[in-house]
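Here is how the chains run, residue by residue.
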Amino acid sequence: MTKYVLLTGTGTWSIPADMSSVNTVICIGAGGAGGRATNGGNNGRGGGGGAVSISNNFVFPPSGSAFYSCGAGGTGATAANTAGTAGGDTWLNWNTSTNTSSNTAPTSITTGVLSKGGLGSATGVGGASGTGWGSTKYSGGSSVGVIGNDGGGIGGGSAAGDLSAGYNGCGPFEWSPFRFTGGGGGGGGVYGAATPVSTLTNVGVNGGLNASSGNAAGGATTGTPGAAGTLSGGGGGGFGGSAGGAGGPGAQYALTAGGTAGFGGGGGAGGGTEATAASGAGAAGGLYGGGGGGGGGSSTTGNGGNGAAGAVIIIYEPLAVGISVPFYVY
């Protein structure tokens, strides 16, 4: 029976005694965080989703050890005119013969797997596949939209998946001259990008598609928050000063120890206001690797959402480990 292992945080992984060379290592970079714009009108941008790097069939020493480090999610901005921070990189380094004293990132495809974290809201760009290590690599989704007055923020990008790059979060209605009248932008899900509403209407934007082709709804009335995403879908954007919905956690893999894990959707952005009321906060990205949503714009802007942490997922076919039984001859 195939086994699925999840590693989070940072430490030393004890390689199982039944580890075989038929294996897959998946590293998910952490998501970047959403920003908060200057008080007085502007909306905030979301953070980029984490990249994914994958390698297969490495020869691990059974019962040996390897180093790993899963990037911390970016921290959302809580002060006006402040960008959210970038998500950290994620790696697994099993070359312990040359790296026995410290947990450092691998420097080649032969020593480990490395994926890049998404950038914070200064640019909102997803983690770049080109600077990671792995035989298969995909970039995270970005936060894409226009910064302007009194509008909803821009949703965070999703983490990349094991089959494609991540999808983008978006801003509200973006056709001039009515760019900023919509609600907060929904975060991009792993299975589809969030899309600005195509008519002049004050609603929060739905999140990107989830694994079942569903959307988390954006807020439709004043003060209504965006719905949380599910199954890697993006969170819906808030409306009328309300918060965005959280990105959906990934559930692509059923873990041997119980539970599920996978690639997170981007957080929905906060809704803006055209009055003196405070605008809505961006929501957190989904586990693992989703980017946080940006805060809405108004006289008092909304906080940015946190990015989600990265993770390492290891899939392998177990060896048949024999049981020693005493045999006596009388």
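Structure: see above.
Positions within a chain are numbered from 1, following the residues in the order the chain's sequence is written. The model is predicted, so local features are restricted to residues of pLDDT at least 70 and side-chain atom pairs to those at 80 or more, both for listing and for counting; the totals for chains, interfaces and linings are taken over all residues. Processing note: side-chain calculations cover all non-hydrogen atoms of the structure and skip hydrogens and water entirely.

Enquirer: How would you explain the sheet that holds strand 13 (residues 311-316) if you had to name every residue and give the values?
Expert: By the convention used here, strands pair only if DSSP detects at least 2 bridges between them. Strands here are runs of E lasting at least two residues and helices are runs of H or I lasting at least four, both read from the DSSP assignment and numbered beginning at the N terminus. With respect to topology, 5 strands assemble into an open sheet ordered 1-13-3-4-8, the strand pairing being antiparallel. Where the open sheet ends on each side, the last strands, each with one partner, are strand 1 (3-7) and strand 8 (136-138). The sheet shows a mean angle of 15° between the axes of neighbouring strands, direction not considered. Relative to strand 13, strand 1 runs antiparallel, the two being bridged by 5 bridges. Residue pairing across strands places tyrosine 4 opposite isoleucine 315, the latter belonging to strand 13. The convention used is that axes are lines fitted to C-alpha atoms, helices contributing only their stretch in contact, and that angles between N-to-C directions extend from 0 to 180 degrees.

Enquirer: How would you summarise the pattern of salt bridges if you had to cite specific residues and measurements?
Expert: A side-chain nitrogen of Lys or Arg and a carboxyl oxygen of Asp or Glu constitute a salt bridge if their distance falls within 4 Å. In total, this model carries 2 salt bridges according to the counting rule given. Close ionic contact of lysine 3 with aspartate 18 constitutes a salt bridge, the shortest N to O distance being 2.6 Å. Of this pair, lysine 3 sits in strand 1 while aspartate 18 sits in the loop between strand 2 (10-14) and strand 3 (23-28), placing them 15 residues apart in sequence. Between lysine 116 and aspartate 89 there is a salt bridge, and its shortest N-O distance comes to 2.8 Å. Within this pair, whereas lysine 116 is found in the loop between strand 7 (112-115) and strand 8, its partner aspartate 89 is found in the loop between strand 5 (65-69) and strand 6 (90-93), the two being separated by 27 residues in sequence. Burial classes: relative accessible area under 20% of the type maximum marks a residue as buried, over 50% as exposed, and values in between as partly exposed (1.4 Å probe, protein chains only). Taking relative accessible area as the criterion, lysine 116 reaches 24% and is therefore assigned partly exposed. For aspartate 89, a relative accessible area of 25% corresponds to the partly exposed category.

Enquirer: Residue-level account of the sheet that holds strand 5, with values.
Expert: Strand order in the open sheet formed by 4 strands is 2-5-6-7, and the pairing between neighbours is antiparallel. Looking at the sheet topology across the chains shown, the edges are occupied by strand 2 and strand 7. Looking at each pair of strands side by side, their axes are set apart by 15° on average, direction ignored. Examined bridge by bridge, strand 5 and strand 6 share 3 bridges and lie antiparallel to one another. For serine 69, the partnering residue across the bridge sits in strand 6 and is tryptophan 91.

Enquirer: Break down unusual backbone geometry for me, citing the residues and quoting the values.
Expert: Leucine 287 connects to tyrosine 288 through a cis peptide bond whose omega is 5°. Residue position: tyrosine 288 is located in the loop between strand 12 (260-261) and strand 13. Even without glycine at this site, asparagine 57 takes up a positive phi of about 60°. With respect to the helices and strands, asparagine 57 occurs in the loop between strand 4 (52-56) and strand 5. Backbone geometry at serine 213 places phi at a positive 65°, although glycine is not the residue there. Considering the arrangement of structural elements, one finds serine 213 in the loop between strand 10 (169-170) and strand 11 (253-254). According to the relative accessible area criterion, serine 213 is exposed, its value standing at 56%.

Worth remembering: the numbers are spatial, not functional.
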